[in-house]
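Chain by chain, the residues:
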Amino acid sequence: MQCRQYEEEKGKADLGKRVRKQKQKLLKQKSKEKGKVHMEVGAGMWGRWSRVRCIPLPSAVCSSIRTHIAHPVPQVVGAPVKEHSEFASWLHSRGEVDTCHALTVGMSNHGRTLFAARPIEVGEQVLRVSGDLMITPNKLPTEVKELLPTGVTEWARLALFILVEQHLGQASQWAPYINCLPTCGALHSTVFWKKEELELVRFTSLHRETMQRRAVIGSEFASVLPVLQKCPHIFGERVLHSKFKQAYATVCSRAWGIEALQTLALVPFVDFFNHDSNCRALLSYDEERACAEVIADKNYARGEQVVISYGRLPNTTLALDFGFTISCNPYDQVEVWMALSHRDPLRKMKLALLHAHGMPTVVHADGSDSGGNGFHLREVKSVTGRGKGIPHALRAFARVLCATTPQELSEMAAEAMKYDGRLARLPAKSRNKEAQVMNLLLARLESLINQRSLAALNISESCHGVKQSAWKPSAIMASDVIAGEIRVLRSAAAWLRHQTSSNCVSVG
Ligand SMILES: C[S@@+](CC[C@H](N)C(=O)[O-])C[C@H]1O[C@@H](n2cnc3c(N)ncnc32)[C@H](O)[C@@H]1O
């Protein structure tokens, strides 16, 4: 019941507000850093700009990193694909002479990928692509750019770029690159899942985000449709929503945010790198030399698959943006929705207290306050160790939820003033109250664990009689997402139990 409420509340959330905040944060960060910046690939539609991190490239550090890859991406020594020579001569013809001396394009279990053409040493530059080769939205034909309404995002503009070049076919100067983009049916992003497939992840944030992404693609299509119709000489006679969606999803799985240039870009050749969550090599942009580069984070033998990290991405993001998941993804997370009851007599006061202490609640599209928010939980690595447990904000929210008198709320405000302004920095003075808070949180986590366990059962029942290795991509991804959420929830519940027992708080 609470989860249904969660879905409804979150579905109506005022996302515009969040986007504005994220963009402001990004702009603040911008221009602080000069030199090389790391980029993260993918969409995360509303969070993607905030995911474009801006960290000076530690080249000195890079050369001393010898990462132990605990779960490497399977190393498949693939025969070079025919595009490799085509690609290499195309790059040469464009003056990209240094780009791929160390790498060759081949096939892996996960589509095209890059292999070491010779032994590669840690700290070595394995790839360098000049700014000229990057496809940015300003490379759209001028006629199209002039017709597009201002609100059309860079994601949609890059999707249009793909459509323009696909229409040109072999006459396109980008043809060797465009020909390698995924064809219809090759992308497994959740935006393409059927209704019954999406049902498998019904209670997760992935479900909501997928619906939002679909809505965004739909409204972007509506905005560009008049331009598509005005320019049949550029796009062809009739561009259907499905074709635009395919191009849009392709951009989501391949575009890089280049903060230094404040733009989104498709970067040919870099596109062939597969992702490994244990890898520390990132694509970075060298502002001085105006080129993108990748530095090896370990030694590679000839023929070994060379990977990079697309970022510290949970399976929900991987499934939505890229159409794959990783089993036991170390960056998995769960969104736990907590909300004040409409029947709570202190609701107004509690909302005021939360808002005054930097704890916003989600606002519906109609302007009403949901009285709740989602809190992201990551796996708690050690139940007994001193590392991070559950987010402080979640604990503070639970304290506010459990307050029963105005006096309690005033005491919380006074205590926050004494410290750093944040609510509930210390456990409640009354042991009973603290136990109540812990019980509330534990009950919430346990109900989510039960719900996810049922979802996991559902997935295996939907694949009854089929060997796991033969499951459809959607079932594998749904299973990884749910298993990850259960793992995270269990670790958080174990941490809570340990905290309460070591503080001698009785937990029911
Ligand atoms: C930037 S492209 C990488 C090149 C891609 N393999 C190709 O054939 O063009 C990203 C796509 O590669 C695939 N991919 C990358 N890393 C993967 C991994 N670790 N497991 C499964 N698929 C992966 C996914 O299909 C993803 O959408």
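Thresholds applied
- Residues numbered from 1 in each chain as written.
- Predicted model: local features only at pLDDT ≥ 70, side-chain atom pairs only at ≥ 80, totals over all residues.
- Helix = DSSP H or I, 4+ residues; strand = E, 2+ residues; numbered from the N terminus.
- Buried ≥ 20, exposed ≤ 12 C-beta atoms within 10 Å, placed from the backbone.
- Contact = placed C-beta atoms within 7 Å.
- UniProt positions renumbered as here; feature names shortened; annotations may be inferred.
- Pairing = 2+ DSSP bridges.
- Near = placed C-beta within 6 Å.
- Nonpolar A, V, L, I, M, F, W, Y, C, P; charged D, E, K, R; others polar.
- Core = buried A, V, L, I, M, F, W, Y, C linked by C-beta atoms within 7 Å.
- Domains from an automatic or database assignment.
- Expected span 1.5 Å × (residues − 1).
- pLDDT = per-residue confidence, 0-100.
- Axes fitted to C-alpha atoms, helices over the stretch in contact; angles between N-to-C directions.
- Parallel < 35°, antiparallel > 145°, perpendicular 65-115°, else oblique.
- Left-handed = near helix turned anticlockwise from the far one by under 90°.

Caption draft 1: Representation of the overall build of the chain in the model. Within the chain, the regular secondary structure consists of 18 helices and 12 strands. A total of 508 residues make up the chain; the buried ones form 43% of that total. When contacts within the chain are restricted to residue pairs at least 6 apart in sequence, those whose partners lie at least 24 apart make up 76%.

Caption draft 2: A look at unusual backbone geometry. Residue Gln262 is not a glycine yet carries a positive backbone phi of 50°. Overall, Gln262 belongs to the partly exposed group, with 14 C-beta atoms counted inside 10 Å. A positive phi angle is found at Cys328, which is not glycine, with a value near 55°. By the element assignment, Cys328 lies in the loop between helix H13 (315–322) and strand S11 (333–339).

Caption draft 3: Geometry of the UniProt feature "domain: SET" (unreviewed entry) in the chain. Within the UniProt annotation, "domain: SET" (unreviewed entry) is assigned to residues 101–311. Between the C-alpha atoms that bound residues 101–311 there is a distance of 25 Å. The span itself is 35% helix and 18% strand.

Caption draft 4: Quick look at the sheet that holds strand S2 (residues 103–108). The strand order S2-S3-S10-S7 describes an open sheet built from four strands, whose pairing is mixed. Every other strand in the sheet has two partners, leaving S2 and strand S7 (274–275) as the edge strands with one partner each.

Caption draft 5: Structural detail: the site of the ligand. If you check the shell around the ligand, you find 15 residues, and the closest are His110, Gly111, Arg112, Asn274 and Phe324. Sorting the residues of the shell around the ligand by element identifies strand S3 (111–116), helix H12 (241–254) and S7 as the ones contributing at least two each. Considering each element in turn, the shell around the ligand owes the most residues, three residues, to S3. Class assignment for the residues of the shell around the ligand results in five nonpolar, seven polar and three charged.

Caption draft 6: Looking closely at the pairing of strand S8 (residues 283–286). Of the strand pairs in this sheet, S8 and strand S9 (residues 291–295) are connected by four bridges, and their pairing is antiparallel. Note on S9: the bridge partner recorded for Ser284 is Glu293. With antiparallel pairing between neighbouring strands as the criterion, S8 and S9 make up a hairpin whose turn holds four residues, including Ala290 at a positive phi of roughly 50°.

Caption draft 7: Quick peek at the nonpolar core. Among the nonpolar cores identified, the biggest contains 75 residues, and Leu103, Leu158, Ala159 and Tyr248 are the most heavily contacted of them. The dominant element in this core, judged by the number of residues it contributes, is helix H7 (residues 154–168), at nine residues. Setting aside residues no more than four positions away along its own chain, Ala159 makes contact with Phe244, Ala247, Tyr248 and Val251. The next biggest cluster of nonpolar side chains, apart from the first, holds 55 residues, and it includes Leu320, Ile476, Val488 and Ala492.

Caption draft 8: View of the domain arrangement of the chain. Parsing the chain into structural domains produces domain 1 (31–309) and domain 2 (333–502). With nine residues of domain 1 at the contact, the number on the domain 2 side is 13 residues. Considered class by class, the residues forming the side of domain 1 that touches domain 2 number five nonpolar, three polar and one charged.

Caption draft 9: Main features of H7. The end-to-end C-alpha distance of H7 is 21 Å, a good match for the 21 Å that 15 residues give at a rise of 1.5 Å each. Counting buried residues along H7, 12 of its 15 residues qualify, which places the element largely inside the surrounding structure. Within H7, burial applies to Trp155, Ala156, Arg157, Leu158, Ala159, Leu160, Phe161, Ile162, Leu163, Val164, Glu165 and Gln166. Backbone geometry just after H7 places Gly169 at a positive phi near 60°.

Caption draft 10: Up close: helix H15 (residues 392–402). In terms of residue burial, H15 counts as a mostly covered element, since eight of its 11 residues are buried. Three or more residues of H15 are buried, namely Leu394, Arg395, Ala396, Phe397, Ala398, Arg399, Val400 and Leu401. Looking at the packing, one finds that the buried side of H15 touches S11, helix H14 (347–356), strand S12 (372–378), helix H16 (406–418) and helix H17 (431–462).

Caption draft 11: A look at the environment of Glu197. In this fold, Glu197 is placed in helix H9 (residues 195–199). The exposure class of Glu197 is partly exposed, given the 18 C-beta atoms found within 10 Å. Once the C-alpha coordinates of Glu197 and Ala475 are considered, the two residues, 278 residues apart in sequence, prove to be 7.4 Å apart.

Caption draft 12: Spotlight on the confidence of the model for the chain. Scored by pLDDT, the chain comes out at a mean of 84, with 82% of its residues at no less than 70. Low pLDDT, under 50, characterises residues 43–77; the stretch is placed with 78 contacts to residues that sit more than four places away or in other chains.

Caption draft 13: Quick peek at the packing of H17 against helix H18 (residues 473–502). Look at H17 against H18: their axes get within 9 Å of each other, and the N-to-C directions meet at 155°. Comparing the axis directions of H17 and H18 gives the class roughly antiparallel. As for the relative orientation of H17 and H18, their crossing is left-handed in sense. Grouping the constituent residues of the contact of H17 with H18 by class yields 19 nonpolar, four polar and four charged.

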